[in-house]
There are 2 protein chains.
Amino acid sequence: MKHQYVGKTVPRVDAVSKVTGKARFVADFQMPGMLYGKVLRSPVAHARIKRIDTGKAKALPGVKAVITWEDVPRIPYCTAGHPYPDSSRRDTYILDNKVRFMGDAVAAVAAETREIAEDALKLIEVEYEELPVLVSPEEALAEGAVEIHEGTKNICGQHQFAQGDVEAGFAASDYVLEEEFRTPIITHCSLETHVSLTYLDENDRLVVITSTQVPFNLRRIMSQALEMNMKQIRVIKPHVGGGFGGKAEVVQEPLNAVLTLKTGKPVLLEYTREEEMVAGRTRHSTVIKLKTGVTKEGRMLAQSMKIISNTGAYAGHGHAVVYSIGSHFAVHYPVPHFSFEGISVYTNIPVASAMRSYGASQLNFAMESHMDNLARKLNMDPLEFRRLNAIKEGEKDPMGYFVNNSYGLAECLAKGEELSNWKTKRETFAAAGANQKRKKGIGMACYCYETTAYCGAEEMSAAIIRMNEDGTAVLYLGSAEIGQGNDTVMAQIVAEEVGIGLEDIHVIGVDTDVCPYDIGAYASRQLYMCGMAVKKAAVKCREMIVDFAAQLFDTIPANLEVRQGWICDKLSGNRLITVKETVWKAHYNMDRPRTFVAEAYHGAKCNPLSYGAVFAEVEVDTGTGKVDIIKLWSIHDCGKVVNPQLAEGQVHGGVLMGMGFGLSEQLLIDPQTGRTYNNNLLDYKMATMMDIPELEVAFVETSEPSGAYGNKSLGEPPCISVAPAIRNAVLNATGVEFNEAPLTPERVLLKLKKAVNG
Amino acid sequence: MKHQYVGKTVPRVDAVSKVTGKARFVADFQMPGMLYGKVLRSPVAHARIKRIDTGKAKALPGVKAVITWEDVPRIPYCTAGHPYPDSSRRDTYILDNKVRFMGDAVAAVAAETREIAEDALKLIEVEYEELPVLVSPEEALAEGAVEIHEGTKNICGQHQFAQGDVEAGFAASDYVLEEEFRTPIITHCSLETHVSLTYLDENDRLVVITSTQVPFNLRRIMSQALEMNMKQIRVIKPHVGGGFGGKAEVVQEPLNAVLTLKTGKPVLLEYTREEEMVAGRTRHSTVIKLKTGVTKEGRMLAQSMKIISNTGAYAGHGHAVVYSIGSHFAVHYPVPHFSFEGISVYTNIPVASAMRSYGASQLNFAMESHMDNLARKLNMDPLEFRRLNAIKEGEKDPMGYFVNNSYGLAECLAKGEELSNWKTKRETFAAAGANQKRKKGIGMACYCYETTAYCGAEEMSAAIIRMNEDGTAVLYLGSAEIGQGNDTVMAQIVAEEVGIGLEDIHVIGVDTDVCPYDIGAYASRQLYMCGMAVKKAAVKCREMIVDFAAQLFDTIPANLEVRQGWICDKLSGNRLITVKETVWKAHYNMDRPRTFVAEAYHGAKCNPLSYGAVFAEVEVDTGTGKVDIIKLWSIHDCGKVVNPQLAEGQVHGGVLMGMGFGLSEQLLIDPQTGRTYNNNLLDYKMATMMDIPELEVAFVETSEPSGAYGNKSLGEPPCISVAPAIRNAVLNATGVEFNEAPLTPERVLLKLKKAVNG
């Protein structure tokens with residue numbers, strides 16, 4: 001079937017407003033009498049608050065409220081903006097009489113200016129009773145360690161599963177390799193920090209304008225944390241300057257709300273970059289043990305994985321990330337025998353939570369490094385080794401979480417092999433010998449990745465389309481545009497199915513007062529889930545319009561179809577009337593005027609796997625340890641591509657994020673005090689546009705039967721396999737196995753020297 | 001059937017926000033960079049604009065735009081915020097090169113402050129070429145009169161109809177009375193003048209925050225006048241400080257929009273009271289000739305009516321008001337032979353248009369005065385004379401506009417008779433003799449009145465209910481809360497039908513981006529039309545909820561029912577689960593989560609008649625001519641009353657408005673120059689709370705089969721029969737027939753003297 005809008009690159013619906021600076025982000029909302037919020041943060045990583053004196057701060061002119069743990073509801077909540085039910089224990093209070101990491105919130109101020117609010121913070125006197133600081137999971141799990149959250153033994157979550165007989169599998173193998181991999185704490189670095197503006201509307205309802213991915217989940221959690229019913233809370237998501245999972249968290253809104261409830265005034269609470277990088281959210285650092293048994297022909301027989309995840313001071317999405325790691329572990333390289341053990345540990349460091357790929361980046365770095373190490377031991381081409389063992393077309397997920405009804409992995413591998421000129425380069429680089437100062441290498445990695453939200457939680461999208469009298473339309477979405485182009489692709493679907501122009505559609509993004517329920521920008525689900533809801537609503541709309549046209553032309557709907565804005569006779573193809581004119585006539589039909597509103601929801605539980613591969617060519621400077629990327633090939637099977645330019649944009653961003661994870665990014669925390677050293681963008685080395693290498697993006701378009709147009713996930717996948725591909729290219733270049741990310745020059749140089757010196 | 005919410009007095013949903021001053025009206029919206037609009041008004045009543053020089057005005061610092069007819073689209077539109085199609089000719093330009101009444105818009109300014117804008121007006125130089133000024137319809141219709149609108153012969157509209165043979169009817173009568181009645185120009189005197197705020201949103205869409213009764217009609221007309229599609233225009237109706245028909249007009253919004261389009265800035269355009277009373281809207285003044293033939297027993301055989309209506313400089317709702325007069329004329333006192341002739345005439349005076357009762361007040365003053373005069377000639381009790389001739393139960397509208405399926409007129413008359421102690425007073429006052437200085441009298445009048453919008457135009461309402469996850473709900477309305485309590489009664493219906501509490505419902509009033517289509521606060525239709533849409537949506541919602549509950553309890557929906565917030569087993573009455581918990585469970589049902597959204601529209605064409613009667617006891621000071629109202633009884637059959645307190649409030653307001661029309665209000669216009677003398681609330685004598693007499697309100701609750709709960713119109717009716725009831729009481733007191741309203745002391749005194757002096 002030929003589409004007019006779907007599958008085409010069309011301009012973003014927010015393009016003009018964004019390039020002209022008219023698009024409004026939270027901090028652009030100014031309200032009369034608005035106050036500025038600031039948070040007093042703990043200078044110690046673990047302590048009880050013995051005394052807080054806010055007297056001097058309150059006395060400062062211009063200060064309207066100073067609140068401490070004594071002023072807030074004593075209701076624990078889970079900060080994960082997770083679909084229902086909560087992903088983790090309810091371990092957080094809006095403010096508590098205990099601090100659990102250096103930077104934890106102690107008190108908050110609302111004042112007439114930012115400066116006054118900052119001055120007020122300095123006037124708050126706090127007496128801390130310090131507690132032992134636990135930075136590593138090992139310390140936290142040690143016998144007799146102080147409990148960061150009472151009754152937890154510092155375990156945020158743990159689970160295990162197995163299939164077959166993994167020990168028997170190892171015994172039956174010709175070769176068994178056991179290794180440990182480590183991944184760093186990194187952080188989202190959204191251009192826009194966490195920021196929200198709360199106020200009371202004329203009915204004293206709480207309005208929360210916030211930079212969030214999950215407006216409805218956030219409303220549910222606010223409702224619980226503040227003991228208000230949902231009708232009393234309105235959440236508005238304006239334009240969002242990046243989320244990447246960090247804004248699938250309820251980091252500050254309840255505190256912001258309390259400042260408004262205490263003062264009756266609008267309060268803007270905007271994190272500084274330095275605050276954001278400590279009190280925002282991070283990606284869990286992990287220690288992953290992988291053990292694999294293979295036959296001498298390279299066939300994997302058994303595999304076990306043990307992972308320790310450091311969740312920091314509060315759970316956030318917590319152990320759900322390790323759950324996701326476990327589920328993906330079991331499906332990528334199916335073996336007859338496998339076992340998994342995962343644990344998430346509380347420590348006194350900044351809070352880890354959801355971040356783009358939700359654990360798959362950590363898993364993939366370990367797994368794909370391990371695969372190359374294994375291939376090397378077996379003296380096999382790592383690409384061939386993967387071909388032999390990876391999930392095949394039609395092969396089922398042994399755990400049953402995912403479906404594999406549209407399979408493009410083999411083709412992704414083939415395309416990468418071809419585009420990167422894999423075989424020739426492997427041979428050439430190997431032949432170049434070991435003595436060059438700048439060593440060339442090529443490596444690759446691949447992934448499979450889910451589409452929808454975490455299994456066991458609610459999965460739902462809805463959409464409403466309302467036709468104006470003149471045939472233009474309003475599309476109401478609960479799914480969140482956070483920069484990725486959500487609103488644009490949804491409008492494409494409406495244009496496609498209703499038969500009006502893209503310019504005829506006004507998209508109303510998330511306002512919980514106005515938009516239908518949707519769990520939001522979570523997983524890589526929106527085009528898949530909400531796209532289906534939009535399609536259903538649009539089809540309903542078209543059917544109603546065609547039905548009325550059939551009355552006009554004294555025929556039956558089955559004889560008509562919509563083509564390029566016209567309702568046509570199906571047989572002859574004759575154009576009878578435009579869709580727009582039909583809507584006008586239906587609306588102003590005096591006998592039985594009618595308005596076309598179509599609502600649809602999509603709640604199906606189906607989680608299809610996307611696939612992809614990254615190939616990387618690098619040059620390693622053996623004198624400095626610096627890894628230069630010569631070229632990257634990023635190939636993805638995300639099913640059908642609905643908007644090629646937006647899809648490519650997703651890949652570009654994901655590649656950069658993967659590069660940072662692989663080469664330079666890590667939040668450095670003092671192992672004794674828990675202090676974060678580099679919570680700023682000067683010392684924290686994220687990859688920027690200056691670092692982007694030559695990059696070739698390709699799509700393998702399978703057709704996912706459960707997707708509205710054969711589409712499945714692409715939001716998160718592009719960041720997954722970049723780091724291990726680079727790491728494997730470095731291995732190819734240097735012969736050295738780096739089992740810890742990131743491959744900073746320092747780390748590379750040290751290890752290269754160690755390898756040379758034995 | 002017993003109702004929990006419907007039929008009960010519950011507090012208004014906007015009560016708290018209004019009494020605390022939090023409720024926002026248009027002028028409460030402040031926007032960054034907002035400009036203030038002002039309009040230059042014509043100092044002459046009829047002229048061509050030969051030259052306008054805006055140079056000096058534009059040069060004034062702080063002035064951002066000065067626009068004249070040369071700067072606006074040359075698209076004529078109809079200012080009536082009428083449902084589709086337009087009620088009158090498209091005779092208005094945003095600005096024109098001709099002025100047609102003293103106060104007509106000549107130019108407009110947008111400036112940084114109101115003061116600068118006012119100063120700028122004075123700097124605009126205009127040269128007028130004056131034209132003959134036509135103030136009365138007689139002048140305007142005279143042979144050779146200059147045409148105010150080209151090609152119209154100054155006729156805005158005219159129509160006639162007849163049934164039977166009216167001349168034969170007169171010939172067969174024992175007695176024929178022919179009289180002329182006159183009604184004044186009055187004006188709405190809404191507490192809030194016309195005011196709007198326009199701005200461009202981040203997508204350069206035009207947003208119009210305005211004090212309107214008809215947001216969707218206004219959008220349609222703006223779309224036409226500005227040549228923009230509907231998607232590009234958003235109309236928001238915040239709280240409205242009174243409409244009474246004057247805000248069923250698009251008086252200023254297109255001009256306001258042009259100021260925003262020229263400057264790119266938000267512009268607030270707020271009429272002063274003095275402007276409002278000239279450039280707002282008025283009630284058509286009329287000259288009504290009534291001729292009636294009766295038998296000596298008092299049975300009416302034939303009746304003819306001729307009406308000349310002065311529509312002023314532009315049509316506005318124009319001749320539609322006379323149409324409405326004609327349709328009501330034919331139904332109130334059915335006679336075998338009747339004829340009607342109506343004409344609406346353009347003149348050079350302020351624009352007349354819709355006003356509460358839409359012509360029925362003029363008709364009723366003439367008809368009910370005429371009825372008393374007739375009864376007097378026949379020496380019959382005027383109440384008995386009406387009983388004999390008025391429409392009876394089941395009697396059909398000869399013209400077929402209205403249905404009479406719920407009839408309470410006879411009971412209204414009986415109740416008024418009883419409450420007012422009619423017979424005794426008629427006897428006592430008559431016996432008191434003619435020589436007292438203060439003469440007592442009792443009089444009455446009655447009416448029948450339509451419910452929905454004018455026949456021939458679109459009639460549609462829609463409503464959407466969205467259940468939040470916790471069972472609270474949002475109700476989206478296109479019908480307009482303009483102070484009458486619309487949002488409250490609609491919320492009552494949702495609470496009633498869905499089975500949640502009134503406090504669980506958040507009502508979102510009219511925002512064309514958000515709310516479903518509705519033709520607005522037009523006629524007395526909202527509770528009747530939109531109430532039905534709300535009921536349908538609420539029933540759908542309940543059915544979906546009950547359907548899910550049936551699944552939960554493994555039964556069929558037919559076995560369940562909702563009682564007081566619970567879903568109960570129908571047979572045993574056992575409470576199974578609350579409605580709210582059911583919604584939560586459905587929403588977070590992992591297998592098939594679902595959200596409950598129900599939309600319904602109501603477009604049925606049925607226009608039921610409400611009935612009522614007013615009885616008035618007065619005392620006339622023969623020395624000053626002042627009429628004091630001792631007591632009023634206001635009795636109405638509006639079908640079932642949904643909220644008694646709100647209904648009584650409607651009656652209170654209507655009575656006051658009717659008193660003003662009968663006793664004191666009239667806009668005085670110089671017959672030579674067309675100048676309005678008393679366009680301020682000091683010289684224009686509206687009735688206020690200080691003037692309210694002892695007032696007894698009663699309802700005769702019939703059950704209208706086409707109403708959601710047996711209800712029909714009450715919005716307009718209470719103002720209709722007040723003036724003639726007072727007038728008839730004065731007749732009873734003095735024996736003098738006053739055939740022109742208002743009965744000012746001056747007029748009463750003059751005529752009393754004339755009567756005494758012969």
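Residues numbered from 1 in each chain as written. Chains lettered and ligands numbered in written order. Predicted model: local features only at pLDDT ≥ 70, side-chain atom pairs only at ≥ 80, totals over all residues.

## Some words on the overall build of chain A
Right, so step 1: Broken down by element type, chain A carries 19 helices and 28 strands.
Right, so step 2: The C-alpha atoms of chain A give a radius of gyration of 27 Å, which matches the 27 Å a tight globule of 758 residues would have.
Right, so step 3: Along the longest, intermediate and shortest principal axes, the C-alpha atoms of chain A span 90 × 75 × 45 Å.
Right, so step 4: Taking all 758 residues of chain A together, 61% fall into the buried category.
Right, so step 5: For chain A, contacts bridging at least 24 residues in sequence account for 81% of all contacts bridging at least 6. (Helix = DSSP H or I, 4+ residues; strand = E, 2+ residues; numbered from the N terminus. Rg over C-alpha atoms; globule rule 2.2 N^0.38 Å. Buried ≥ 20, exposed ≤ 12 C-beta atoms within 10 Å, placed from the backbone. Contact = placed C-beta atoms within 7 Å.)

## Considerations on the packing of helix H10 (residues 360-378) of chain B against helix H11 (residues 382-389) of chain B
All names here are of chain B.
Right, so step 1: Two elements in contact, H10 and H11, have axes whose closest approach is 9 Å; the angle formed by their N-to-C orientations is 110°. With respect to each other, H10 and H11 are oriented roughly perpendicular. Side by side, H10 and H11 meet where Met371, Asp372, Leu374, Ala375 and Leu378 of the first sit next to Pro382, Phe385 and Arg386 of the second.
Right, so step 2: Among the residues making up the contact of H10 with H11, the classes are represented as six nonpolar, no polar and two charged. (Axes fitted to C-alpha atoms, helices over the stretch in contact; angles between N-to-C directions. Parallel < 35°, antiparallel > 145°, perpendicular 65-115°, else oblique. Nonpolar A, V, L, I, M, F, W, Y, C, P; charged D, E, K, R; others polar.)

## Here we look at the relation of the copies chain A and chain B
Right, so step 1: The two copies are related by a screw operation: chain A maps onto chain B through 180° of rotation and 0.0 Å of translation along the axis, at an RMSD of 0.1 Å. Such a turn and shift between the copies fits a two-fold axis. Across chain A, the smallest distance between a C-alpha and the rotation axis is recorded for Val514(A), namely 3.2 Å. (Least-squares fit on C-alpha atoms with pLDDT ≥ 70 in both.)

## Examining the interface of chain A and chain B
Right, so step 1: Residue-level contacts link 39 residues of chain A with 39 residues of chain B.
Right, so step 2: Listed by contribution, the elements that provide at least two residues to the side of chain A that touches chain B are helix H6 (215-225), strand S21 (505-508) and strand S25 (597-602) of chain A.
Right, so step 3: A per-element tally of the side of chain A that touches chain B places S25(A) first, with three residues.

## Some remarks on helix H16 (residues 579-587) of chain B
Residue and element names in this part refer to chain B.
Right, so step 1: Among all positions in H16, only Val579, Lys580, Thr582, Val583, Ala586 and His587 are buried. Relative to the axis of H16, the buried residues are bounded by an arc of 160° and lie together on one face.
Right, so step 2: On its buried face, H16 sits against strand S20 (461-467), helix H14 (486-499), helix H15 (526-552), strand S23 (560-563), strand S24 (566-569) and strand S25 (575-578). (Arc of directions from axis to C-beta.)

## As for the confidence of the model for chain A
Right, so step 1: When the pLDDT values of chain A are averaged, the result is 96; 99% of them are 70 or greater.
Right, so step 2: As a predicted assembly, this complex carries a pTM of 0.96 together with an ipTM value of 0.95. (pLDDT = per-residue confidence, 0-100.)

## A look at the nonpolar core
Right, so step 1: Residues Ala463(A), Val494(A), Ile726(A), Ala463(B), Val494(B) and Ile726(B) are the most contacted members of the largest nonpolar core, which totals 494 residues.
Right, so step 2: Beyond its immediate sequence surroundings of up to four residues, Val494(A) is in contact with Ile465(A), Ala473(A), Leu475(A), Ile505(A), Val534(A) and Ala538(A). (Core = buried A, V, L, I, M, F, W, Y, C linked by C-beta atoms within 7 Å.)

## Some details on H10(B)
Residues and elements named next belong to chain B.
Right, so step 1: An ideal rise of 1.5 Å per residue puts 27 Å on 19 residues; H10 measures up with 26 Å between its terminal C-alpha atoms.
Right, so step 2: H10 sits mainly inside the fold: 16 of its 19 residues count as buried.
Right, so step 3: In the segment just after H10, asparagine 379 is the residue with positive phi, at about 60°. (Expected span 1.5 Å × (residues − 1).)

## What to know about the domain arrangement of chain A
Residue and element names in this part refer to chain A.
Right, so step 1: For chain A, the assigned domains are domain 1 (15-21 + 460-602), domain 2 (31-131 + 191-242 + 247-279) and domain 3 (282-454 + 606-757).
Right, so step 2: Spacing between the C-alpha centres of domain 1 and domain 2 amounts to 39 Å.
Right, so step 3: Counting residues at the interface gives 15 residues for domain 1, matched by 16 residues for domain 2.
Right, so step 4: Its residues assigned to classes, the side of domain 1 that touches domain 2 shows seven nonpolar, five polar and three charged. (Domains from an automatic or database assignment.)

## Looking at the pairing of strand S22 (residues 560-563) of chain A
Right, so step 1: Residues Leu560(A) and Val562(A) of S22(A) are buried on one face, while the alternating residues Glu561(A) and Arg563(A), pointing to the opposite face, are not.
Right, so step 2: In textbook terms, the turn of a hairpin is the stretch between consecutive antiparallel strands, and for S22(A) and strand S23 (residues 566-569) of chain A this stretch comprises two residues, one of which, Gln564(A), has a positive phi near 50°. (Pairing = 2+ DSSP bridges.)

## Structural notes on the sheet that holds strand S6 (residues 125-130) of chain B
All names here are of chain B.
Right, so step 1: Pairing in this open sheet of three strands is antiparallel, and the strands run S4-S2-S6 from one edge to the other. Edge positions in the sheet fall to strand S4 (98-99) and S6, since each has one partner strand and no second.
Right, so step 2: Across six bridges, the pairing between strand S2 (residues 47-53) and S6 is antiparallel. Residue pairing for S6: isoleucine 52 is matched across the bridge by valine 126.

## Points about the sheet that holds strand S26 (residues 610-621) of chain A
Residues and elements named next belong to chain A.
Right, so step 1: The strand order S18-S26-S27-S28 describes an open sheet built from four strands, whose pairing is mixed. The two strands at the open ends of the sheet, each matched to only one other strand, are strand S18 (438-449) and strand S28 (694-699). Within the sheet, the average angular offset between the axes of one strand and its neighbour, ignoring direction, is 10°.
Right, so step 2: Sheet contacts for helix H13 (residues 422-431): S18 and S26; angle to S18, the most-contacted strand, approximately 145°.
Right, so step 3: Those strands touched by helix H18 (residues 722-734) are S18, S26 and strand S27 (627-637), and its axis lies near 145° from that of S18.

## Re unusual backbone geometry
Right, so step 1: Along the chain, Tyr84(A) connects to Pro85(A) via a cis peptide bond; the corresponding omega equals -5°.
Right, so step 2: In this model, Glu227(A) sits at a positive phi of 50°, which is unusual for a non-glycine residue.
Right, so step 3: For Glu227(A), the position within the fold is in the loop between H6 and strand S11 (233-236).
Right, so step 4: The exposure class of Glu227(A) is exposed, given the 9 C-beta atoms found within 10 Å.
Right, so step 5: In this structure, Tyr358(B) is a non-glycine residue whose phi angle is positive, near 45°.
Right, so step 6: With respect to the helices and strands, Tyr358(B) occurs in the loop between strand S18 (352-353) and H10.

## Here's the deal with the packing of helix H17 (residues 644-663) of chain B against helix H18 (residues 722-734) of chain B
Residue and element names in this part refer to chain B.
Right, so step 1: With their axes 7 Å apart at the nearest point, H17 and H18 run at an angle of 50° to one another. Relative to H18, the element H17 is oriented oblique. In terms of crossing hand, the pair formed by H17 and H18 is right-handed. Here H17 contributes Val655, Gly658, Met659, Phe661, Gly662 and Leu663 to the contact with H18, which in turn contributes Val722, Ala723, Ile726 and Arg727.
Right, so step 2: A per-class count over the contact of H17 with H18 returns seven nonpolar, two polar and one charged. (Left-handed = near helix turned anticlockwise from the far one by under 90°.)

## Let's talk about the environment of Ala430(A)
Right, so step 1: Its location among the elements puts Ala430(A) in helix H13.
Right, so step 2: Residues Ala430(A) and Met367(A), spaced 63 residues apart in sequence, show a C-alpha to C-alpha distance of 24 Å.

## Details of the environment of Ala698(B)
Residues and elements named next belong to chain B.
Right, so step 1: Tracing the backbone shows alanine 698 in strand S29 (residues 694-699).
Right, so step 2: Between the C-alpha atoms of alanine 698 and serine 634, which are 64 residues apart in sequence, the distance is 6.3 Å.
Right, so step 3: Not counting residues up to four positions away in its chain, the partners in contact with alanine 698 are Lys415, Leu419 and Ile635.

## Some details on the environment of Thr673(B)
Right, so step 1: Looking at the element boundaries, Thr673(B) is found in the loop between H17 and S29.
Right, so step 2: Excluding anything up to four places from it in sequence, Thr673(B) contacts Ala45(B), Met102(B) and Val133(B).

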